[in-house]
Amino acid sequence: MFGVSMRTLISPSLAPFSLHLPKPSLFSTALRFSSLTTSTISINNRSPTNSPPSAISTRKLQTKATAVTSSQPLSFSTPGEIHVIVGPMFSGKTTTLLRRILAERETGKQIAIIKSNKDTRYCTESIVTHDGEKFPCWPLPDLSSFKERFGFDDYENRLDVIGIDEAQFFGDLYEFCREAADKEGKTVIVAGLDGDFKRRRFGSVLDLIPIADTVTKLASRCEVCGKRALFTMRKTEEKETELIGGAEVYMPVCRSHYVCGQSVLETARAVLDSSSNKHDVVASLL
Ligand SMILES: Nc1ncnc2c1ncn2[C@@H]1O[C@H](COP(=O)(O)OP(=O)(O)O)[C@@H](O)[C@H]1O
Ligand SMILES: Cc1cn([C@H]2C[C@H](O)[C@@H](COP(=O)(O)O)O2)c(=O)[nH]c1=O
Ligand SMILES: [Zn+2]
């Protein structure tokens, strides 16, 4: 949806950067586009032999913009894309990520999936949906270690699409995605929780929105009433933000049941607190 409207704003007949520059300016004089043809296939200066032939043939034809300085031409690398999938637990984020990644692979792209190694719920070496679908992945403590583990040469020359699951657990998410898409021409598909059990922003998933091509917010079904569920309720007493778990700890809920669930939990806590205080008082009297 966002992707479509972004594309219609910039008509193919208009050169990038020409939209808001009605008159020649210092900037536009310094920056001349040496080539605006759609026939240039330039992927991070890769030679065609470095990429799988199918990846070359199925890639979008790119417009190449070259800044011309007085002495030396400066080439921008071909930009990639960032797609963000958010929603509460059990809303199908991992399933959607897997579908999109497999669709990319069908077109001949080279793909890799990374997940946080904090999530040890089902299997460490695979991403696993709540319905049991599996796919091998790279379980990592942070994203900055990926290039080295994957191999710098393979990363630069042979990898097209990177999937990231459980994105809320990666502290370096923003930097990694920005560099991969802006500078390295990768398509990055990110799935993660936008909010935690208190509906606060979770990690830096939301920071990606200003640099994303598309954002998809999924919904689950409220476990109480069956309506659309946009929030995740924690059923246990733990207060820390990060707490790995599945249906034994969390449930998807609609707005009404989130709000009334919070007040039920608060009342239950107050009752527990006051009764434990009473016990303390009684114990101190004995
Ligand atoms: N309360 C629930 N407990 C367990 N599984 C659920 C629950 N609600 C939905 N599911 C299943 O989980 C699937 C989504 O799984 P998944 O893609 O792993 O979601 P997410 O990554 O958003 O947590 C749904 O299609 C549904 O079949
Ligand atoms: C709401 C919430 C969740 N978590 C944890 C629980 C799970 O291990 C993952 C989310 O997994 P899913 O693929 O979206 O089902 O995050 C957490 O640590 N803190 C929270 O507040
Ligand atoms: Zn509900």
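Residues numbered from 1 in each chain as written. Chains lettered and ligands numbered in written order. Predicted model: local features only at pLDDT ≥ 70, side-chain atom pairs only at ≥ 80, totals over all residues. Heavy atoms only, no water.

What follows concerns the overall build of the protein. Within the protein, the regular secondary structure consists of 8 helices and 14 strands. Within the protein, the fraction of its 286 residues that count as buried is 41%. Long-range contacts, defined here as pairs at least 24 residues apart, represent 68% of the contacts in the protein between residues at least 6 apart. Summed over its atoms, the accessible surface of the protein is roughly 16200 Å², and 58% of this surface lies on carbon and sulfur atoms. (Helix = DSSP H or I, 4+ residues; strand = E, 2+ residues; numbered from the N terminus. Buried < 20%, exposed > 50% of the residue type's maximum accessible area, 1.4 Å probe, protein only. Contact = heavy atoms within 4.5 Å. Areas by Shrake-Rupley, 256 points an atom, 1.4 Å probe, with all protein chains shown as cover.)

Right, let's talk about the site of ligand 2 for a bit. Of all residues adjacent to ligand 2, which total 19 residues, the nearest are His-130, Glu-166, Phe-197, Thr-241 and Leu-243. Note that an oxygen atom of ligand 2 is positioned 2.7 Å from one of the side-chain N or O atoms of Glu-166. Relative to its unbound accessible surface of 490 Å², ligand 2 loses 98% to contact with the protein. Taken atom by atom, the bulk of ligand 2 overlaps the second largest pocket. Per-class residue counts for the shell around ligand 2 are 8 nonpolar, 5 polar and 6 charged. (Near = heavy atom within 4 Å. Polar contact = N/O pair within 3.5 Å; in protein donor to acceptor, adjacent residues only side chain to side chain. 1 Å grid on protein atoms, 1.4 Å probe; cavity = no way out; pocket = protein on both sides within 12 Å on 5 of 7 lines; lining within 4 Å. Sits in = over half its atoms within 2 Å of the grid points. Nonpolar A, V, L, I, M, F, W, Y, C, P; charged D, E, K, R; others polar.)

Take helix α7 (residues 173-183) next. Among the residues of α7, those classed as buried are Leu-173, Phe-176, Cys-177, Ala-180 and Ala-181. Along the long axis of α7, the arc covered by the buried residues comes to 110°, so they all point the same way. Here the buried face of α7 lies against β3 (81-86), β4 (111-116), α5 (146-150), α6 (152-158), β8 (161-165) and β9 (187-192). A positive phi of about 70° marks Gly-185, the residue just after α7. (Arc of directions from axis to C-beta.)

This paragraph deals with the layout of surface pockets. As a volume, the second largest pocket reaches approximately 420 Å³. With 3 residues, the top contributor of residues to the lining of the second largest pocket is helix α4 (residues 93-106). Class assignment for the residues of the lining of the second largest pocket results in 12 nonpolar, 11 polar and 9 charged. (Points joined across faces, edges and corners; volume = space filled by probe spheres on them.)

The phi dihedral of Glu-166 is positive, around 55°, even though this residue is not glycine. Positionally, Glu-166 belongs in the loop between β8 and α7. The exposure class assigned to Glu-166 is buried, which follows from its relative accessible area of 12%. Look at Arg-199: it is not a glycine, yet its phi comes out positive at around 65°. For Arg-199, the location among the structural elements is in the loop between β9 and β10 (214-217). Residue Arg-199 is classed as partly exposed on the basis of its relative accessible area of 37%.

We now examine empty space enclosed by the protein. Vacant regions in the atomic arrangement are exposed by a probe of water-molecule size rolled over the atoms. Counted by the stated rule, this structure contains 1 cavity of 30 Å³ or more. Taken together, Thr-94, Lys-115, Asp-119, Arg-121, Tyr-122, Cys-123, Ser-126, Ile-127, Val-128, Asp-165 and Glu-166 form the lining of the largest cavity. Per-element tally for the lining of the largest cavity: the top contributor is strand β5 (residues 126-128), with 3 residues. Classifying every residue of the lining of the largest cavity gives 4 nonpolar, 2 polar and 5 charged.

This brings us to the nonpolar core. One finds Phe-146, Ile-164, Leu-173, Phe-176 and Cys-177 to be the most contacted residues of the largest nonpolar core, which totals 25 residues. Going through the elements one at a time, β3, β4, α5, β8, α7 and β9 are the ones with two or more residues in this core. The dominant element in this core, judged by the number of residues it contributes, is α7, at 5 residues. Core analysis: the next-biggest nonpolar cluster, separate from the first, contains 13 residues, Ile-85, Val-161, Ile-189 and Leu-218 among them. (Core = buried A, V, L, I, M, F, W, Y, C linked by side-chain atoms within 4.5 Å.)

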